[in-house]
Amino acid sequence: IVNRDIVNLTNCESEPIHIPGSIQPHGFLLGIKKGDFRIEFCSANTADFIGAGPEKLLGKYIAKVFPEEQASLFASYANEEVIDPAKPFVFILHGTSFNTTVHQSGDNVIMELEPFPDGTLQLPNLYTQTRNFVSIMEKSTGLLDLCQEVADETRSITGYDRVMIYRFDEQYNGEVIAESRREDLVSFANQKYPHTDIPVQARELYIRNPLRVIADINYQPVPLLTIDDSSAKGNHSLDLSLSILRSVSPIHIEYLKNMGVGATLTISLLQNQKLWGLITCHHYAPKILPHYTRLSALLQGHFLTSQISVREVAEEYKIGEEVDKALVESLTILHQTENFMEACYESASLLKLANATGAAIYYDGKLYTNGLVPPDADLLALFSFLSNAYPNQSVETDNLIDIYPAARDISKYAAGVVFHSMISGGNDGILWLRQEKVETIKWAGNPDKAVLKNEDGNRLSPRKSFELWAEIVKDKSMPWRKSEINAASSFSYALQKHINYRVIRAQEDQN
Ligand code: BLA
């Protein structure tokens with residue numbers, strides 16, 4: 001009935017989801033002019049909750065329409081410089097207690113009042129929750145483990161049918177990296193979703209407002225009304241970015257219907273002011289979560305966020321330590337062995353310092369190889385290409401074919417390479433190789449058909465099918481880590497020095 005005008009979009013990003021002009025019906029909204037205490041905005045459903053319709057509220061002073069005690073309580077909140085939206089606030093109107101979330105939007109103080117779903121104020125046990133998290137934090141070894149534990153714990157706190165930890169890649173495609181679900185549901189684990197499923201303005205909004213509740217996807221949006229405009233269409237000027245009841249994009253509702261989901265809760269996971277991922281909860285029936293339980297779920301998000309970079313750094317550090325150890329071993333062999341070329345090329349540590357599957361050196365017209373390498377002719381051709389393309393330089397890639405199409409025939413050995421040329425000239429150089437790692441990406445529906453145009457060519461809609469669509473990524477190796485690239489570079493430098501030293505000594509011996 002409302003908002004038909006805003007869905008004529010030519011792209012997903014242009015939908016102004018922060019000013020929908022309506023809210024979800026499991027609560028009502030009042031917008032009160034700051035300093036003035038007059039009701040400037042209200043949702044059309046106030047009569048359902050407090051008996052008084054918008055005509056009795058709009059333009060009135062709160063002291064005139066609310067019991068004195070409640071009105072002055074509210075006025076004290078509205079006067080605060082900074083309003084803390086997490087502050088517990090209960091309003092009793094018409095004999096009913098309402099959980100009330102308060103925040104500021106422009107000149108207005110927004111109050112969103114929701115009856116407690118089970119009629120009582122239930123505070124979660126934060127002590128137990130915190131203690132559980134600390135024990136989870138101690139026993140889980142890696143980040144993925146921890147995500148799994150947080151998914152399980154969030155499901156047990158909230159009771160959603162499915163809780164997923166969803167991680168973004170650089171393009172904001174996302175992957176379900178942990179999942180806790182009702183046993184009879186099919187798993188979404190490891191599925192990948194294209195960036196278009198959560199357009200940029202939605203992601204930006206979830207940075208500012210880390211909690212998104214959709215209580216019932218079959219809801220009727222309730223228009224927002226204002227003093228000078230009581231049209232049934234809804235007033236689109238009130239910014240609801242930080243609102244808890246904000247109405248949902250009709251396109252996203254369609255998406256959730258296509259998925260068969262009835263209600264959702266989403267919590268943002270931030271790292272360095274960027275969206276790292278989401279805790280995404282699904283329920284297959286409508287579900288209204290009490291405010292304090294929502295805050296508990298939000299706390300799970302904070303717990304997890306506090307650990308993300310700690311764990312990522314720890315995992316990198318562990319790999320870095322192994323790499324350093326292998327580098328030291330390789331340098332020792334280089335300095336202590338007379339036939340160091342041969343010795344290096346029999347040593348496992350030379351591969352380990354870059355976690356390579358093969359390595360080779362070309363020096364003084366000779367090839368020395370270690371591990372899995374292409375046949376000599378192909379290897380020589382590769383040295384020739386690299387030293388011509390990158391004279392006196394180094395290069396690394398996890399997609400050799402990109403710079404050297406002939407690598408297609410040798411991807412079994414060399415899909416990725418780290419190369420350092422040597423100043424002795426010619427095609428001299430050293431390289432580390434990684435073999436191809438074929439990766440199958442399990443897209444939930446064909447990503448090229450993620451956004452559909454309707455018959456009128458204007459209105460967009462999300463894909464109807466989430467049937468698995470496999471994308472096979474070939475000709476690439478695992479990417480090189482910084483620590484591996486650095487170790488390769490240190491070894492190359494030492495080798496170069498060592499060779500120079502030997503050459504000078506040999507010349508001196510001759511004289
Ligand atoms: C919002 N899309 C969202 C949200 C999620 C997803 C989690 C946040 C709102 C919520 O809690 O439901 C996507 N949900 C997913 C994904 C999974 C999931 C990937 O459970 C994986 C398991 N969506 C489209 C297209 C458009 C679009 C084509 O597919 C645009 C034309 C838009 N998605 C869209 C919009 C929002 C959204 C506008 C914001 C909704 C809002 O907050 O109002």
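Residues numbered from 1 in each chain as written. Predicted model: local features only at pLDDT ≥ 70, side-chain atom pairs only at ≥ 80, totals over all residues. Heavy atoms only, no water.

Enquirer: Describe in detail the pattern of salt bridges, supporting the description with residues and values.
Expert: In the structure shown here, the tally under the stated rule is 16 salt bridges. Across the pair R481 and E316 runs a salt bridge, and its minimum N-O distance is 3.6 Å. Linking R481 in the loop between β22 (468-473) and α14 (482-510) with E316 in helix α9 (residues 291-336), this pair joins segments that are 165 residues apart in sequence. A relative accessible area of 29% means that R481 is categorised as partly exposed. Among the charged side chains, a network of salt bridges with common partners joins E316, R434, R481 and E484. (Salt bridge = Lys/Arg side-chain N within 4 Å of Asp/Glu carboxyl O. Helix = DSSP H or I, 4+ residues; strand = E, 2+ residues; numbered from the N terminus. Buried < 20%, exposed > 50% of the residue type's maximum accessible area, 1.4 Å probe, protein only.)

Enquirer: Go over the nonpolar core with me, naming the residues and quoting the values.
Expert: Judged by nonpolar contacts, the single largest core of 36 residues is most densely connected at C147, I165, L265, W276, I279 and L304. Once residues lying within four places of it in the same chain are set aside, the contact partners of I165 are C147, V150, A151, E175, V176, I177, A178, L269, W276, L278, I279 and L304. (Core = buried A, V, L, I, M, F, W, Y, C linked by side-chain atoms within 4.5 Å. Contact = heavy atoms within 4.5 Å.)

Enquirer: Kindly report on the domain arrangement of the chain, identifying the contributing residues and their values.
Expert: Under the domain assignment, the chain is made up of domain 1 (18-115) and domain 2 (337-438 + 474-510). The distance between the C-alpha centroids of domain 1 and domain 2 comes to 69 Å. (Domains from an automatic or database assignment.)

Enquirer: I'd like a rundown of the site of the ligand, residues and numbers included.
Expert: Not every one of the 27 residues close to the ligand is listed here, only the nearest: C12, Y206, H252, T266 and H282. In the environment of the ligand, an oxygen atom lies 2.9 Å from a nitrogen or oxygen atom belonging to the side chain of R246. Interatomic distance of 3.2 Å between a side-chain N/O atom of T264 and an oxygen atom of the ligand. Here the ligand, which alone exposes 880 Å², has 100% of that area covered by the protein. (Near = heavy atom within 4 Å. Polar contact = N/O pair within 3.5 Å; in protein donor to acceptor, adjacent residues only side chain to side chain. Areas by Shrake-Rupley, 256 points an atom, 1.4 Å probe, with all protein chains shown as cover.)

Enquirer: Give me the lowdown on the state of the cysteines, citing residues and values where you can.
Expert: Within this structure, the stated rule accounts for zero disulfides. The cysteine C281 is free of any disulfide, with C147 supplying the nearest cysteine sulfur at 14 Å. Residue class for C281 comes out buried when judged on its relative accessible area of 0%. (Disulfide = S-S within 2.5 Å.)

Enquirer: Any chance you could break down the packing of helix α6 (residues 143-158) against α9 for me, citing the residues and the numbers?
Expert: Their axes nearest at 10 Å, the elements α6 and α9 cross at an angle of 175°. Viewed along their axes, α6 and α9 adopt a mutual orientation that is roughly antiparallel. On α9, the residues that touch L143, L146, C147, V150, E153, T154, I157 and T158 of α6 are T293, S296, A297, Q300, L304, Q307, I308, R311, E312 and E315. Looking at the contact of α6 with α9 residue by residue, the class counts come to eight nonpolar, six polar and four charged. (Axes fitted to C-alpha atoms, helices over the stretch in contact; angles between N-to-C directions. Parallel < 35°, antiparallel > 145°, perpendicular 65-115°, else oblique. Nonpolar A, V, L, I, M, F, W, Y, C, P; charged D, E, K, R; others polar.)

Enquirer: So what's going on with the packing of aromatic side chains? Residues and values would help.
Expert: Going through the model one piece at a time under the given rule, you end up with 13 aromatic pairs. Between Y362 and F383 the ring centres are 5.8 Å apart and the planes differ by 35°, which places this aromatic pair in the tilted class. Here Y362 is found in strand β14 (residues 358-363), whereas its partner F383 is found in helix α12 (residues 376-389), with 21 residues between them in sequence. Y362 sits in the buried class, given a relative accessible area of 16%. Across from the ring centre of F188, 3.6 Å away, lies the NZ or CZ of R162, which sits over that ring. (Phe/Tyr/Trp six-rings, centres within 6.5 Å; stacked < 30°, edge-to-face > 60°. Lys NZ or Arg CZ within 6 Å of the ring centre and 35° of its normal.)

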